Amino acid sequence: MNLPFSRQPLARALLASFALLGAPAGAATAAPLKTEPWQAAEPMRIEAAQLLADDRFWPGADRLATSKRQGLRLLDAAGATLSALPGTFGALDHRASADGLLVATVDVDRQQPVLLALSTRDRSWSDPVYLPRPDFKVDGLCLYRDQGDNAFLFLVGEEGIGEQWLVATAQTPLREPLRVRRLSLPPASEYCQVDDRDELLYVNEEAVGLWAYAAHPEADLVRQPVALVQPFGDIAEALAGVAVVPGAVLALDPAAGALHRYRRDGQRWQAEPALQLGGLAEPEQLSARLSGQGLALSIGDDNGQHRALLDWRPEAPRAAAPLPVLPAQVQTEPVPSLGDAADDPAIWIHPKDPAASRVLGTDKQGGLQVYDLQGRALQDLRVGRLNNVDVRPGFRLGQATVDLAVASHRDHNGLQLFAIDRSSGELSDLGWLPTPLDDIYGLCLFKDAAEAIHAIPNDKSGRFLQYRLDGRSGKVEAELMREFATASQPEGCVADDRNQRLFIGEEDVAVWTLDARGDAPAVLEKVIDAGAEVQADIEGLAFYRGEGGDYLVISSQGNDSFVVLDGQAPYAVRGAFRIGLNAERGIDGVSETDGLEVTSANLGGIWSRGMLVVQDGRKRMPEGRQNYKYLPWSAVAEALKLP
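So, how was this worked out
- Residues numbered from 1 in each chain as written.
- Predicted model: local features only at pLDDT ≥ 70, side-chain atom pairs only at ≥ 80, totals over all residues.
- Heavy atoms only, no water.
- Disulfide = S-S within 2.5 Å.
- Helix = DSSP H or I, 4+ residues; strand = E, 2+ residues; numbered from the N terminus.
- pLDDT = per-residue confidence, 0-100.
- Contact = heavy atoms within 4.5 Å.
- Polar contact = N/O pair within 3.5 Å; in protein donor to acceptor, adjacent residues only side chain to side chain.
- Domains from an automatic or database assignment.
- Buried area = accessible area lost by both parts, 1.4 Å probe.
- Buried < 20%, exposed > 50% of the residue type's maximum accessible area, 1.4 Å probe, protein only.
- UniProt positions renumbered as here; feature names shortened; annotations may be inferred.
- Pairing = 2+ DSSP bridges.
- Axes fitted to C-alpha atoms, helices over the stretch in contact; angles between N-to-C directions.
- Salt bridge = Lys/Arg side-chain N within 4 Å of Asp/Glu carboxyl O.

1. Examining the state of the cysteines
Applying the stated criterion to the full structure yields two disulfides. With a sulfur-sulfur separation of 2.2 Å, Cys444 is cross-linked through a disulfide to Cys493. Taking the torsion about the S-S bond as the criterion, the Cys444 to Cys493 disulfide, at about -120°, is left-handed. With a gap of 49 residues between them, Cys444 in strand 35 (residues 440-447) and Cys493 in strand 39 (residues 490-496) connect regions that are remote in the sequence.

2. Some details on the confidence of the model for the chain
Low pLDDT marks regions whose predicted coordinates should not be analysed in detail. Per-residue pLDDT for the chain has a mean of 93; in total, 95% of the residues score no lower than 70. Across residues 1-29, confidence stays below pLDDT 50; counting only partners more than four residues off in sequence or on other chains, it has 60 contacts.

3. Thoughts on the side chain of Gln112
Residue position: Gln112 is located in strand 8 (residues 112-119). A distance of 2.6 Å separates a polar atom in the side chain of Gln112 from the backbone oxygen of Leu131. Sequence-distant contacts of Gln112, defined by excluding residues within four places in its chain, comprise Thr105, Val106, Asp107, Tyr130, Leu131, Pro132 and Arg133.

4. Some points on the domain arrangement of the chain
For the chain, the domain assignment lists domain 1 (39-310) and domain 2 (326-640). Taking the mean C-alpha position of each, domain 1 and domain 2 sit 44 Å from one another. Each partner contributes residues to the interface: domain 1 has 14 residues there, and domain 2 has 13 residues. Where domain 1 abuts domain 2, roughly 1,100 Å² becomes buried across the two surfaces, and 50% of that area is made up of carbon and sulfur atoms.

5. Quick notes on the environment of Pro128
Tracing the chain through its elements places Pro128 in the loop between strand 8 and strand 9 (129-130). Under the relative-accessibility criterion, Pro128 is labelled partly exposed at 43%. Separated by 13 residues in the primary sequence, Pro128 and Leu115 have C-alpha atoms spaced 5.7 Å apart. Not counting the four nearest positions on each side in its chain, Pro128 is found in contact with Val114, Leu115 and Leu116.

6. A look at the UniProt feature "domain: BPP" (unreviewed entry) in the chain
Sequence positions flagged by UniProt for "domain: BPP" (unreviewed entry) are, in local numbering, residues 25-313 and 316-640. Between the first and last C-alpha atoms of residues 316-640 the distance is 29 Å; the span itself is 2% helix and 51% strand.

7. Details of the pairing of strand 13 (residues 172-184)
Where strand 12 (residues 161-169) lies against strand 13, eight bridges are found, and the strand directions are antiparallel. From the neighbouring strand, Glu163 faces strand 13, where its bridge partner is Arg182. Taking the residues that link successive antiparallel strands as the turn, the strand 12-strand 13 hairpin has two residues, and the phi of Ala170 there is positive, at about 50°.

8. Examining unusual backbone geometry
Here the residue pair Ala536 and Asp537 is connected by a cis peptide bond, since its omega of 10° sits within 30 degrees of zero. Looking at where Asp537 falls in the secondary structure, it is placed in the loop between strand 42 (525-529) and strand 43 (538-545). Of note, the phi angle at Asn413 is positive, near 50°, even though the residue is not glycine. Mapped onto the secondary structure, Asn413 falls in the loop between strand 32 (400-409) and strand 33 (414-420). With a phi close to 70°, Glu451 is a non-glycine residue in the positive phi region. Within the secondary structure, Glu451 sits in the loop between strand 35 and strand 36 (453-459).

9. Here's the deal with the sheet that holds strand 33
If you trace the four strands from one edge of the open sheet to the other, you get 31-32-33-34, paired in antiparallel fashion. Sheet topology places strand 31 (386-397) and strand 34 (427-434) at the edges, where each strand pairs with a single neighbour. Here the strands of the sheet are splayed against their neighbours by 25° on average, with no regard to which way each runs. Both strand 32 and strand 33 contribute to a ladder of seven bridges, which runs antiparallel. Residue Leu404 lies in a different strand from strand 33, and its bridge partner there is Ala419.

10. Section: the sheet that holds strand 27 (residues 342-348)
Pairing between the strands of a sheet comes from backbone hydrogen bonds, and it takes one of two forms, parallel or antiparallel. Sheet architecture is open: four strands sit in the order 27-28-29-30, paired in antiparallel fashion. A single partner strand is all that each edge strand has here, and the edge strands are strand 27 and strand 30 (377-381). Geometrically, the sheet is characterised by an average inter-axis angle of 20° between neighbouring strands, direction not taken into account. Of the pairings in the sheet, the one linking strand 28 (residues 358-363) to strand 29 (residues 367-371) comprises five bridges and is antiparallel in character. Bridging from a neighbouring strand, Gly361 pairs with Gln369 of strand 29.

11. Let's talk about the pattern of salt bridges
Tallied over the entire structure, the rule returns 42 salt bridges. For Arg289, the salt bridge is made with Asp62, and the minimal N-O distance between the two is 2.5 Å. Taken together, the residues Arg289 in strand 22 (residues 285-291) and Asp62 in strand 3 (residues 61-67) connect sequence positions 227 residues apart. Considered together, Arg289 and Asp62 belong to a single accessibility category, that of buried residues. The closest approach of N and O atoms between Arg95 and Asp93, which form a salt bridge, is 3.7 Å. Comparing Arg95 with Asp93, the two get one shared label, buried. A single salt-bridge network, built from bridges that share partners, covers Asp135, Glu163, Arg179, Arg182 and Glu623.

12. Regarding the side chain of Asp372
As for its placement among the helices and strands, Asp372 is situated in the loop between strand 29 and strand 30. Residue class for Asp372 comes out buried when judged on its relative accessible area of 7%. For Asp372, the side chain forms a polar contact with the side chain of Arg376, separated by 2.8 Å. If sequence neighbours within four positions are ignored, Asp372 has contacts with Ser357, Arg358, Leu378 and Tyr630.

Structure, rendered in structure tokens:
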């Protein structure tokens with residue numbers, strides 16, 4: 001993909017969209033950087049080379065190199081071979097730790113990415129694990145290790161094609177790598193690197209500049225310009241090889257023979273003066289590592305490999321302590337509708353056989369799904385656009401007693417009603433009731449001390465209505481008990497029936513609580529502001545009623561986390577966590593969660609302390625229609641040290 005630099009006018013024309021960068025055009029050039037040739041002790045035609053940032057797995061190991069003839073080599077500082085693996089290999093990346101070395105490369109003959117692992121224990125190479133041959137030529141690849149010690153591989157191909165794969169856990173390659181997502185990347189890209197700490201994927205666009213993407217598998221595919229060619233940035237001609245070190249990224253301009261450096265400053269990148277690489281012939285390959293004297297560099301050009309020492313050590317801001325990442329244990333079959341469809345779950349507890357309990361999940365493009373505890377779809381009730389759903393047991397309907405599910409129906413701006421058979425768990429449609437809301441949105445149920453069930457829907461305007469439901473006539477009727485409002489858009493709400501409290505989420509502002517009784521004054525008291533701990537949007541709310549304590553669970557959509565508070569005043573924050581992927585079960589992580597529900601009921605097995613069900617806003621591994629994920633409450637309690 002090395003297009004002649006003079007034949008890319010279209011790419012240059014596109015730069016006009018990005019003129020407002022922090023780096024000035026034509027930034028000052030510092031003194032030339034001194035380089036010296038480097039070669040392996042045994043002559044070899046090197047395709048790619050990388051300095052090792054960690055040699056604990058093999059003290060004295062200095063770098064990796066690949067060759068189409070001499071395979072993969074692990075070399076010491078003098079270029080002597082410590083370990084070799086035959087093959088025809090090209091592009092290269094690695095992750096090293098005390099436990100071993102994980103290498104990703106391309107088998108040139110097979111045109112397939114391959115994973116290799118070197119064990120610390122016996123210094124032997126694992127059997128190669130090949131990714132399926134992609135339908136595009138892989139020009140570049142790079143590894144990324146997340147906070148859960150999962151390793152991902154990014155593939156960069158021609159014409160802006162890319163993919164992300166889950167390839168290893170704890171340095172051990174998966175027997176069958178899992179594709180996470182397809183990526184739309186810039187055209188004329190060949191080099192990439194990932195900053196694991198900041199979870200950023202850097203990709204070059206040869207005649208345009210350098211881009212940063214969010215690397216996390218649950219992140220949106222969005223990009224930021226790091227550096228652009230003149231006159232919109234400080235790059236003179238083009239951009240090729242990339243290297244990352246804590247707090248900074250480095251990149252090569254092959255045509256100008258220059259090394260560029262960018263310190264990361266919050267959400268922006270600040271350019272340092274470029275360094276001239278005199279005497280090198282179009283340098284394109286770059287790797288870097290911290291040393292006691294600054295940065296050690298390895299640079300590859302048309303004539304071979306070179307090394308340099310740069311007296312520069314960027315300061316990396318201290319990273320915030322990571323939240324616990326708990327792997328999802330079950331995922332449901334997807335909702336039928338495409339796009340943003342799944343929204344809010346509810347949990348129905350079977351009165352005699354807890355293992356036969358059900359999870360209800362709305363498909364806001366068309367109806368309600370019913371799942372078992374293994375995530376299998378049991379019913380698909382196509383009644384219209386349902387947004388939020390809730391369940392309460394013991395509703396008198398004529399001469400029968402049923403359990404009741406109610407959902408907010410956006411087609412009718414009404415309440416959609418379902419009866420749940422207490423023996424089979426099967427849902428039946430009871431029709432819908434109108435409301436005067438203009439744009440019905442969220443909903444929750446409350447059962448008062450007299451065993452009456454109340455439905456509490458809200459409108460996007462902030463308006464709440466509270467209805468007492470009565471089915472003694474054989475037909476469900478609703479009596480309006482009270483009305484109240486928040487100043488801006490709400491959605492999530494949940495009732496603590498035992499203490500007769502209602503919790504509501506005002507998406508960009510706060511979580512509030514008030515007396516849940518229909519005849520009580522609606523006085524809102526603040527529980528927690530939107531801010532550092534709960535980041536807007538505040539979405540789903542759920543209430544855990546346990547023997548050791550009661551807890552309010554909040555979907556903090558702004559940072560894809562779940563925050564747990566004490567269920568009674570002063571509502572102390574107990575901690576937060578994220579729901580991550582489960583490589584063993586092939587389940588992706590959770591992000592962009594709208595609704596959630598929790599129960600403390602003993603449902604057997606891993607659900608003995610209850611379960612948390614959350615909507616997953618982005619289905620990955622592979623991409624698909626949205627679904628719901630299940631997590632044992634015991635995992636939450638252990639992670640947050642809850643009684």
